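Listed below, chain by chain, are the residues.
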Amino acid sequence: MVDVLIVNPPSPDGHIYIRDMCRWGRKSREKMIWPQSSLAYLAAVVPDNMTVRIIDAIAEEMSPDAFKLEIEKEKPKFYVSYVTGTTFAMDAKGIQWAKEVGAHTIAVGTHVSAVPQNTIELIPELDFVIRHEPEMSFKDIINYTMAGRPPGDIKGIVYRGADNKPVLAPDRPLLKSLDELPIPKQHLLPLDKYKMPFLGNRYVWVLTNRGCPYSCTYCFEGVVWGKSVRHRSPESIYEELVYLAEHNVKNVLFLADLFTDKSNHKNLEKLCDLIIEKGLKVRWTANSRVDTLTEPIAKKMKAAGCWLIAFGVETGSQKILDNVKKDAKVEQARDTLVMCNKLGIKTWAYFIIGLPGENKQTVRETIDFAKSCPIDIALFHVAMPYAGTEFYFQAVANGWLNTSDWKHFDMNDSSVVSYDDFSSAEILKATKQAFREFYFRPKQMFRMAKMMMNARDIGMIWSVCKNFISWIFSKKEDRVIAKAVEGAPQLTANINPEDARKALHSLPVLEAPRTDASTAKPRHSGVKQATIKQTESEVAKV
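1. Regarding the overall build of the protein chain
Thinking step 1. In terms of regular secondary structure, the protein chain is built from 18 helices and 21 strands.
Thinking step 2. By the burial criterion, 62% of the 542 residues in the protein chain qualify as buried.
Thinking step 3. Sequence separation of 24 or more characterises 74% of the internal contacts of the protein chain that already satisfy a separation of 6 or more.

Next up, the structure:
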């Protein structure tokens, strides 16, 4: 038996799913087993006099039946689980099983931060939803519950009131410094199970900052962390790297969209200096915007063990970049990719097909741009209007959204938006076309062959390649969602458009509000537009 059971639930269908505190939940066609470092942070704040266990059922390839048996064996006092839209039914089933053995049940993650009241209404066995930054709220839930105190004074949560209706508590102020958090207990994770193409096995994420000041309309990072940027000190990060090395973890991915942001250059240089001066053997990768990485910083990163940088390029069309408020230029992406290639740093570029304004011409611009740059690995995702993002509100307000069924909100293989001149079917078709044209070129095939020869797990990479090829040339897994899914719940008309941030109703729902809306990111003009349009539609029916 265990006091606190923290889980990444099983796959609902046998596929590998990516869940995280700041990720929506999607199938991983690249077969990436995502390290649950966020759950290790939750484990680190459990009181010392309580036992804690983490179950990563995705990494363990645990079936739902086996997972249920583990819950029944452990009989936890507290059960903490991700709940994502894509895997909602499976995640809810785990909560039900935990409640059957008497656990206090808690949901965390991006989806529930966006739609907490909707979540708690749909899962009768769910006691608490933690909104946004979770650690301190989680600690309070444990302490208050163990002391027999009511949850009314806990900030940053939604809980069940006396009438069993959801109660939205005030926001919890964000941590002023991430150094206030303890070192995450990553040794509780199944480290041997974590693997990623080209990186190999036994790797983890290391958090370096939270929050982002940019206003990209499609990004869900701000749904959880808000717009206030808080960095972790180089000393704290280095301390965790040493702790990981003691547990034989020498492959690290720094989890931060602003890792190379100019506001963090001094900290980044100091971290690199610590690694170099102390001779720590660590092989690492990082994310970066295309407009924040300078050549001196890139050189220092490489000297400290960085071998690959992932960039959110998104598109080769400046019009689309401007539409989604990326605040970057296409040519900045080209210059940065060329610079990394010159320095011998591998690049992984993310692209999105189907953002607002997309059409056949802009897709052609994106494909041609990707092919013209020295990119080692490229992923082309389907544009997805995740709950809480400005893209979601735009999709509702403009009638682009084809469904309100969360299980279809998967950027891997599902298309849920349509435009007047570019349908959901065309978006998915264009995504596959981009993969075909980018990878099936002699130059790129040679580049991939060289990487495979130097890889640590050729068998895994070959399996991933076969999986992609099968998907690219087949339609059997495609999910092209037509409008008006029968029986899909709709927004109620009972919304005040002037106060839309405080509204939470049936799907499609509005963003889970921060009680102080000024701390949310981004500030969605689309919220008001969406609710006005929905209200007018309901009134017209009367």
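2. Topic: the packing of helix 9 (residues 265–278) against helix 10 (residues 295–303)
Thinking step 1. The contact between helix 9 and helix 10 brings their axes to 9 Å, and the two run at 30°. Comparing their axes, helix 10 and helix 9 come out roughly parallel. Judged by the sense of rotation from one axis to the other, the crossing of helix 9 with helix 10 is left-handed. Across the interface between the two elements, His265, Leu268, Glu269, Cys272, Asp273 and Ile276 of helix 9 pack against Ile297, Lys300, Met301 and Ala303 of helix 10.
Thinking step 2. In the contact of helix 9 with helix 10, the residues fall into six nonpolar, one polar and three charged.

3. What about unusual backbone geometry?
Thinking step 1. Located in the positive-phi region is Lys75, a residue other than glycine, with phi close to 45°.
Thinking step 2. Tracing the chain through its elements places Lys75 in the loop between helix 2 (64–74) and strand 5 (78–82).

4. Regarding a nonpolar patch on the surface
Thinking step 1. Taken together, the side chains of Phe440, Met445, Ile469 and Phe473 define a hydrophobic patch exposed on the protein surface, amounting to about 410 Å² of accessible area.
Thinking step 2. Relative to the helices and strands, Met445 is located in helix 16 (residues 442–453).
Thinking step 3. You can call Met445 partly exposed: its relative accessible area is 47%.

5. Examining the packing of aromatic side chains
Thinking step 1. Applying the stated criterion to the full structure yields 14 aromatic pairs.
Thinking step 2. On the numbers, 5.1 Å between centres and 15° between planes, the contact of Phe351 with Phe380 is stacked. Here Phe351, found in strand 18 (residues 346–353), pairs with Phe380, found in strand 19 (residues 377–382); they are 29 residues apart in sequence, far enough to count as distant.
Thinking step 3. Counting every residue linked through ring pairs, the aromatic cluster contains Phe351, Phe380, Phe435, Phe438 and Tyr439.

6. Here's the deal with the confidence of the model for the protein chain
Thinking step 1. Residue-level pLDDT values for the protein chain average 85, and 84% of them are 70 or greater.
Thinking step 2. Note that residues 485–515 has pLDDT below 50 and, in this model, 101 contacts with residues that lie over four places away or in other chains.
Thinking step 3. Across residues 517–528, where pLDDT falls below 50, the model places 39 contacts with residues more than four positions away in sequence or in other chains.

7. Observations regarding the sheet that holds strand 15 (residues 251–255)
Thinking step 1. One open sheet holds the six strands; their spatial order is 12-15-16-17-18-19, and the pairing between them is parallel. For this open sheet the edge positions go to strand 12 (203–207) and strand 19, each flanked by a neighbour on one side alone. Across the sheet, the mean angle separating the axes of adjacent strands is 20° when strand polarity is ignored.
Thinking step 2. By the bridge criterion, six bridges tie strand 18 to strand 19 in an arrangement that is parallel.

8. A few points about the pattern of salt bridges
Thinking step 1. Summed over the entire model, instances satisfying the criterion amount to 28 salt bridges.
Thinking step 2. Of the charged contacts in the structure, one is a salt bridge between Arg53 and Glu74, with a shortest N-O distance of 2.7 Å. One end of the pair, Arg53, is in strand 4 (residues 52–56); the other, Glu74, is in helix 2, with 21 residues separating them in the sequence.
Thinking step 3. Of the residues examined, Arg53 reaches a relative accessible area of 25% and is grouped as partly exposed.
Thinking step 4. Of the residues examined, Glu74 reaches a relative accessible area of 9% and is grouped as buried.
Thinking step 5. Ionic pairing is found between Arg210 and Glu133, a salt bridge with its closest N-O pair at 2.9 Å. With a gap of 77 residues between them, Arg210 in strand 13 (residues 209–210) and Glu133 in the loop between strand 7 (128–130) and helix 6 (135–146) connect regions that are remote in the sequence.
Thinking step 6. A residue is classified by how much of its surface remains accessible, and Glu133, at 6% relative accessible area, is buried.

9. Section: the nonpolar core
The tendency in soluble globular proteins is for nonpolar side chains to be buried as a group.
Thinking step 1. Within the largest apolar cluster, 148 residues are counted, with the highest numbers of intra-cluster contacts made by Val4, Ile6, Phe138, Phe254, Trp284 and Met301.
Thinking step 2. Among the nonpolar cores identified, the runner-up in size contains 24 residues, and Val2, Ala57, Phe88 and Val158 belong to it.

10. Quick word on helix 10
Thinking step 1. Among the residues of helix 10, Ile297, Ala298 and Met301 are the ones counted as buried. With its buried residues spanning 100° around the axis, helix 10 presents them on a single face. Opposite the buried face of helix 10, at more than 90 degrees from it, the exposed residues are Pro296 and Ala303.
Thinking step 2. Contacts from the buried residues of helix 10 go to helix 9, strand 16 (283–288), strand 17 (306–314) and helix 12 (330–343).
Thinking step 3. Directly after helix 10, the chain includes Gly305, whose backbone phi takes a positive value near 115°.

11. Regarding the pairing of strand 15
Thinking step 1. Taken across its five residues, strand 15 has five buried, putting it largely inside the fold.
Thinking step 2. In strand 15, alternate side chains face the same way, and those of Asn251, Leu253 and Leu255 on one face and Val252 and Phe254 on the other are all buried.
Thinking step 3. Note that strand 12 and strand 15 share five bridges and pair parallel. Within strand 15, the residue paired with Val204 across the bridge is Val252.
Thinking step 4. Relative to strand 16, strand 15 runs parallel, the two being bridged by four bridges. If you follow Val252 over to strand 16, its bridge partner there is Trp284.
Thinking step 5. Between the parallel elements strand 15 and strand 16, the chain passes through helix 9 in a crossover that is right-handed.

12. Observations concerning the sheet that holds strand 8 (residues 157–160)
Note on sheets: strands pair through backbone hydrogen bonds, and any given pair is parallel or antiparallel.
Thinking step 1. The strand order across the open sheet formed by seven strands is 4-1-5-6-7-8-9, and the pairing between neighbours is mixed. Of all strands in the sheet, those with a lone pairing partner are strand 4 and strand 9 (166–168), marking the two edges. Going from strand to strand, the sheet's axes swing by 20° on average, the running direction of each strand aside.
Thinking step 2. Pairing analysis gives five bridges linking strand 1 (residues 4–8) to strand 4, with the strands arranged parallel. Bridge pairing links Asn8 to Asp56 in strand 4.

13. A look at the pairing of strand 8
Thinking step 1. Burial along strand 8 is two-sided: the face carrying Ile157 and Tyr159 and the face carrying Val158 and Arg160 are both buried.
Thinking step 2. Pairing analysis gives three bridges linking strand 7 to strand 8, with the strands arranged antiparallel. In the strand pairing of strand 8, Phe128 is matched with Tyr159.

14. Some thoughts on the state of the cysteines
Thinking step 1. Counted under the stated rule, the structure contains zero disulfides.
Thinking step 2. Cys216 takes part in no disulfide bond, and the closest cysteine sulfur to it belongs to Cys219, at a distance of 6.1 Å.

Thresholds applied
Residues numbered from 1 in each chain as written. Predicted model: local features only at pLDDT ≥ 70, side-chain atom pairs only at ≥ 80, totals over all residues. Heavy atoms only, no water. Helix = DSSP H or I, 4+ residues; strand = E, 2+ residues; numbered from the N terminus. Buried < 20%, exposed > 50% of the residue type's maximum accessible area, 1.4 Å probe, protein only. Contact = heavy atoms within 4.5 Å. Axes fitted to C-alpha atoms, helices over the stretch in contact; angles between N-to-C directions. Parallel < 35°, antiparallel > 145°, perpendicular 65-115°, else oblique. Left-handed = near helix turned anticlockwise from the far one by under 90°. Nonpolar A, V, L, I, M, F, W, Y, C, P; charged D, E, K, R; others polar. Patch = residues over 30% accessible without salt bridge, like charges linked within 9 Å, V, L, I, M, F, W, Y side chains within 5 Å. Areas by Shrake-Rupley, 256 points an atom, 1.4 Å probe, with all protein chains shown as cover. Salt bridge = Lys/Arg side-chain N within 4 Å of Asp/Glu carboxyl O. Phe/Tyr/Trp six-rings, centres within 6.5 Å; stacked < 30°, edge-to-face > 60°. pLDDT = per-residue confidence, 0-100. Pairing = 2+ DSSP bridges. Core = buried A, V, L, I, M, F, W, Y, C linked by side-chain atoms within 4.5 Å. Arc of directions from axis to C-beta. Right-handed = clockwise from strand over helix to strand, strands pointing away. Disulfide = S-S within 2.5 Å.

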